Amino acid sequence: MTPPDLSVVIPAYDEERRLGRTLDAVLRHLRDAGGSWEVVVADDGSTDGTPALVAARPEVRLVSGDRHRGKGHALRLGVAATTGRRILLTDADLAAPMEELAVLEKALADGHAAAVGSRAVPGAALGRRQHRVRELLGGAGNLLIRATAVPGIRDTQCGFKLLDGDKARAAFAASRVDGWAIDVEVLRHFHRSGWPVAEVPVRWSHQPGSKIRPSDYARFLRDLVRLRVRRTPDRDRPRVRPTHDRDRPRIRPAPADALFLLLSLALYSGRLLAPDRRYLTDSLQDQYQWEWFFAVTADNVAHLRNPLFTDLQGYPDGVNLMANTVMPGLSVPLTPLTLLLGPALTLALVMWLGLAATASAWYRLVLRRLTPGRPAAATVGALLAAFAPPMVGHANAHPNFTLLFMVPPIIERVLRLAEGTDRPARTAVTLGLMTAYQLFLGEEALLLTALGLLLFAAAYTAVRPDAARSALRGLPRGLAVAAAVCLPLVLYPLTWQFSGPQSYTGLPHDPAGANSPLALLSFAERSLIAGDAARANALSVNPTEQNAFYGWPLALLACAVTAALWRRRPAVRALAATAAGAALLSLGPRVPVPFTDTALPGPWGLLDGLPLLDSVLVGRLALICAPVLGMLLALAVADLSAAGRRAGVRYAGLAAVALALLPLVPAPLRSEPRPEVPAFFTSGAWRSYVRDGESLVPVPLPDPTDARALRWQIAARFGFRLPGGYFNRPYGDGDRTGVYGVPLRYTASVLVDVRDFGAVPEIDAAGRERARRDFAYWNAGAVVLGPGPDERRLRAAVEKLVGRPGSRVGGVWVWDLHNDSAMP
């Protein structure tokens, strides 16, 4: 159906007395003028006979609000209901007669996007005037409007305007004001979009029965302030989306946020009530490590020590904390909480709330960028981005990979710079600050974000080369400004990380850390419905590193969504290429062909060994797929929910989405009781055996296999140092290659062999002498053996190393090393 040449929109609220004459005059003029037209009355919740009056005129269409909200809301409804090439807005009193439409039409014919009837420019003719007080208030208001919102327009409030139809619909759709300031907001949108507006003198005569009350002036002023603080979205600018926080609709707390928090709490339900007494089974020893990281950072801050280094673990060499994932962006500001409630509760809160915050951040990015006005679609996308199987695997033990709430805002700022934000310096500065903060939350996650953005940029360049060329105008400069802001904040910590004490170069990983193609199509161990622990463990390094496992139904659905939206949405093509590229890279430098002994060269082989990338566990590149697949599903759900979709297609599509996601629903993370800290540490009995500056040697020494001793040290409030440990450090002896844990000295090696293999070796005088030198190297005051399954054999080994039996104190076996007779 051909749209009409002109749509007339009349807002009305309790206009039974005046509207009839206005409608008759409007219809008479339109019939005489000829051409195609439509008349829409936007009723703002009238309580009189206004709706019936309109219904009596079949040529007039009525749209009604559910209640009285204001002129702005009524006009938004009315304009949205139009289809005309041009839109005339006129008030119900028809203070400017329809004959004045001709001068407005001439202005549009001259190339303007809007023609505003004005009482304040030369040539305007005023009949009956308003009350003097109203004229003074109106004049003051127009001065304020010109100074703060719409420069160059003397009279924004005359209710007679002719607008380009498509631009008017876009401007009103972007508007949020419900009151009289709607004219200002819409004209501001035109002004900031670069659409020319003409102010045209008209004949105007005040009509009795005005609905403006004294309180409306205060509301108008309030709305002006809001418009000044929060800009209206420029949806019809050349860029795809608004590019500034104040240029986009504010996304208020949504039911989705509550859903994300409930899901996070359900996932961690095994530790909700007693986080200090419960242990995440699949975290291996990482929960002990992370609790120690939070505790030692708090201890350093409380004692005004360097938060980037400590010798409390790995004594005497110490630990380069910046070269380990201590997350100072959270562990430092949460110091008071850690000191007050303990690191176990701090870590639990960080993981509970952080996962929900990450989902909320993805939700906002998807809702703003891909599915505006479709919160359900954005919720689906955010759920997959934050609760995908690999994210759930890392939720056991790696908060640096689940707390990604800064990543979506970083992506948002990069996109704004690429689109050409109206405040590039401010956006770039914000990006620099956000990047610096994310670096203190997790460097590897930041690196994966950069790789994902590079993949997307390459794919989008291939899809939209014109957009890529446009982005090159401002993006490099914006990134340079962001780098200039970020680098001074991170330069010293990074220098310490890469050149400070106990720094290392690269962290080689087991080649088994790369994903198998089968892992991408299989289901994770913690899948509530389809989980297969045996298969998942066979295809991954351990339960915390199940970095793929998206399942074949989701892979098929992603392909179907890509095919269905391929032509209509360039972003879909770029997202699909990004997911495929990340998945392919995660297969490593040699890609095994399933069910054969053949391996083909993979693209990661071109990058493997490069600086920074040499520390990445390549299988983690598949984490990039989680938000990308979430965005694809969000686009699919939004498309299926669009008006005009046949019910059968809609329900079939949504059912396919549900069936693909159902096998990925995670079961709660497994937890178990953990042993109590022996009274030897909680009661302070250790103080009788370890003097200031000395270390305590736990049996066996803490390492990636058994890090329980870290909890003992926390319970003793870091009153002693520990040799050994679970952290990253250089191998030593001139080799700066990174390793997990501490290379074993003779004594530690003996104890580890007893723990792992069960046999107590023969130890002669030479062996005891080597043990004595080890104890001296560690400046050890005592050796302590805690309860455990290997207690009897380990006790026998220590007795041989020390040369005498130990004493039972506070639930542990203790060998005091201060007595010279204790050693041969």
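Please refer to the structure higher up on the page.
Residues numbered from 1 in each chain as written. Predicted model: local features only at pLDDT ≥ 70, side-chain atom pairs only at ≥ 80, totals over all residues. Heavy atoms only, no water.

Caption draft 1: Inspection of the overall build of the protein chain at higher detail. Within the protein chain one finds 32 helices and 21 strands. Principal-axis analysis of the C-alpha atoms places the extent of the protein chain at approximately 120 × 60 × 45 Å. With 824 residues in all, the protein chain has 55% of them scored as buried. For the protein chain, the share of sequence-separated contacts (at least 6 apart) that also reach a separation of at least 24 residues comes to 76%. The average position of the 93 basic charges and that of the 73 acidic charges among the side chains of the protein chain differ by 6 Å. (Helix = DSSP H or I, 4+ residues; strand = E, 2+ residues; numbered from the N terminus. Buried < 20%, exposed > 50% of the residue type's maximum accessible area, 1.4 Å probe, protein only. Contact = heavy atoms within 4.5 Å. Lys, Arg positive; Asp, Glu negative; His and termini not counted. Charge placed at Lys NZ, Arg CZ, Asp CG, Glu CD.)

Caption draft 2: Region of the structure containing empty space enclosed by the protein. Going through the model one piece at a time under the given rule, you end up with seven cavities of 30 Å³ or more. Its boundaries defined by the atoms lining it, the largest cavity holds a volume of some 70 Å³. Taken together, Pro389, Val392, Gly393, Ala524, Arg526, Ser527, Pro543, Gln546, Leu664, Val665 and Pro666 form the lining of the largest cavity. Residues that form the lining of the largest cavity fall into these classes: seven nonpolar, three polar and one charged. (1 Å grid on protein atoms, 1.4 Å probe; cavity = no way out; pocket = protein on both sides within 12 Å on 5 of 7 lines; lining within 4 Å. Points joined across faces, edges and corners; volume = space filled by probe spheres on them. Nonpolar A, V, L, I, M, F, W, Y, C, P; charged D, E, K, R; others polar.)

Caption draft 3: Representation of the environment of Glu15. With respect to the helices and strands, the residue Glu15 is situated in the loop between strand E1 (6-12) and helix H1 (19-33). Spatially, the C-alpha atoms of Glu15 and Gly49 are 8.1 Å apart, while their sequence positions differ by 34 residues. There is a polar contact of 3.0 Å between the side chain of Glu15 and the side chain of Arg18. (Polar contact = N/O pair within 3.5 Å; in protein donor to acceptor, adjacent residues only side chain to side chain.)

Caption draft 4: A look at a nonpolar patch on the surface. Together, Val429, Leu433, Val481 and Leu489 make up a nonpolar patch on the protein surface, roughly 290 Å² of accessible area in all. Elements with a contribution of two residues or more to the nonpolar patch: helix H18 (424-439) and helix H21 (475-499). With respect to the element layout, Leu433 can be found in helix H18. (Patch = residues over 30% accessible without salt bridge, like charges linked within 9 Å, V, L, I, M, F, W, Y side chains within 5 Å. Areas by Shrake-Rupley, 256 points an atom, 1.4 Å probe, with all protein chains shown as cover. Salt bridge = Lys/Arg side-chain N within 4 Å of Asp/Glu carboxyl O.)

Caption draft 5: Representation of the pairing of strand E21 (residues 812-816). E21 sits mainly inside the fold: four of its five residues count as buried. Where strand E19 (residues 780-785) lies against E21, four bridges are found, and the strand directions are antiparallel. Bridge pairing in E21 links Ala782 to Asp816. Where strand E20 (residues 807-809) and E21 come together, three bridges link them in antiparallel fashion. In the strand pairing of E21, Val809 is matched with Val812. Between E20 and the antiparallel strand that follows it, E21, lie two residues; Gly810 among them carries a positive phi value of about 55°. (Pairing = 2+ DSSP bridges.)

Caption draft 6: Local environment of the sheet that holds strand E8 (residues 197-201). Spatial strand order, E3-E2-E1-E4-E7-E5-E8: seven strands in an open sheet with mixed pairing. The open sheet has two edge strands, strand E3 (60-64) and E8, and neither has a second partner. The mean angle between the axes of side-by-side strands here comes to 20°, regardless of whether they run parallel or antiparallel. Relative to strand E4 (residues 86-90), E1 runs parallel, the two sharing four bridges. Along E4, the bridge assignment pairs Leu6 with Arg86. Its contacts with the sheet place helix H4 (residues 101-109) against E1, E4, strand E5 (114-118), strand E7 (160-164) and E8, and it is angled at close to 30° to E7. Helix H7 (residues 182-193) contacts E5, E7 and E8 of the sheet and is inclined by roughly 35° relative to E7. (Axes fitted to C-alpha atoms, helices over the stretch in contact; angles between N-to-C directions.)

Caption draft 7: Structural detail: the sheet that holds E21. An order of E16-E19-E21-E20 is seen for the four strands of this open sheet, with the pairing classed as mixed. At either end of the open sheet lies a strand with only one pairing partner, and these are strand E16 (695-699) and E20. Between one strand axis and the next, the sheet turns by 35° as a mean value, whatever way the strands run.

Caption draft 8: View of the packing of aromatic side chains. Applying the stated rule across the entire model yields 15 aromatic pairs. Taking the centre distance of 5.9 Å and the plane angle of 45° together, the rings of Phe681 and Phe720 count as tilted. A residue pair is termed long-range when its members are at least 10 positions apart, and Phe681 in helix H28 (residues 679-682) and Phe720 in the loop between helix H29 (709-715) and strand E17 (728-732) qualify at 39 residues. Of the residues examined, Phe681 reaches a relative accessible area of 1% and is grouped as buried. Aromatic rings pair up to connect Phe680, Phe681, Trp686, Tyr689, Trp712 and Phe720 into one cluster. (Phe/Tyr/Trp six-rings, centres within 6.5 Å; stacked < 30°, edge-to-face > 60°.)

Caption draft 9: Expanded view of helix H26 (residues 625-641). Along its 17 residues, H26 runs 24 Å from first to last C-alpha, staying within 8% of the 24 Å computed at 1.5 Å per residue. Most of H26 sits inside the fold, with 16 of its 17 residues counted as buried. (Expected span 1.5 Å × (residues − 1).)

Caption draft 10: Region of interest: the state of the cysteines. Across all of its chains, the model carries zero disulfides by this definition. Here Cys559 stays free of any disulfide, with the sulfur of Cys625 as its closest cysteine sulfur at 12 Å. (Disulfide = S-S within 2.5 Å.)

Caption draft 11: Up close: the pairing of E4. The buried fraction of E4 is high, at five of five residues. Judged by which residues are buried, E4 turns out to be covered on both faces: Arg86, Leu88 and Thr90 on one side and Ile87 and Leu89 on the other are all buried. Direction of pairing for E4 relative to E7: antiparallel, over a ladder of five bridges. Bridging across to E7, Thr90 finds its partner in Phe160.

Caption draft 12: Layout of the side chain of Glu694. Inspection of the secondary structure puts Glu694 in the loop between H28 and E16. There is no salt bridge for the buried Glu694, and the closest opposite charge comes from Arg691, which lies 4.5 Å off by N-O distance. At 2.8 Å, the side chain of Glu694 and the side chain of His818 are in polar contact. Other than its neighbours up to four places away in sequence, Glu694 contacts Tyr689, Phe720, Arg721, Asn779, Gly781 and His818.

Caption draft 13: Fine view of the pattern of salt bridges. Under the counting rule described, the total for this entry stands at 41 salt bridges. A salt bridge links Arg369 to Glu412; the nearest nitrogen and oxygen atoms lie 3.0 Å apart. In this pair, Arg369 is assigned in helix H13 (residues 343-369) and Glu412 in helix H17 (residues 407-419), connecting sequence segments 43 residues apart. Taking the relative accessible area as the measure of exposure, Glu412 reaches 2% and is therefore buried. What emerges from the salt-bridge pattern is a single network uniting Arg271, Asp276, Glu291, Arg674 and Arg711.

Caption draft 14: Quick look at unusual backbone geometry. Geometrically, the link from Tyr315 to Pro316 is a cis peptide bond, its omega value of 10° lying close to zero. By the secondary structure assignment, Pro316 is in the loop between strand E11 (309-310) and strand E12 (319-320). Omega for the peptide link from Val699 to Pro700 comes to -10°, which places this bond in the cis form. Topologically, Pro700 is positioned in the loop between E16 and H29. Although it is not a glycine, Asp14 adopts a positive phi angle of roughly 50°. Take Asp14: it is sitting in the loop between E1 and H1. With a relative accessible area of 21%, Asp14 lands in the partly exposed category. Notably, Gln502 is not glycine yet its phi reads approximately 60°, a positive angle. The topology assignment puts Gln502 in the loop between H21 and helix H22 (517-521).

Caption draft 15: Region of the structure containing the packing of helix H9 (residues 255-267) against H13. Packing of H9 against H13 leaves a shortest axis separation of 8 Å and a crossing angle of 145°. Handedness of the H9/H13 crossing: right-handed. In contact with Ala256, Asp257, Phe260, Leu261, Ser264, Leu265 and Leu267 of H9, H13 contributes Met351, Trp352, Leu353, Leu355, Ala356, Ala359, Ser360, Tyr363 and Arg364. Residues belonging to the contact of H9 with H13 are distributed by class as follows: 12 nonpolar, two polar and two charged. (Left-handed = near helix turned anticlockwise from the far one by under 90°.)

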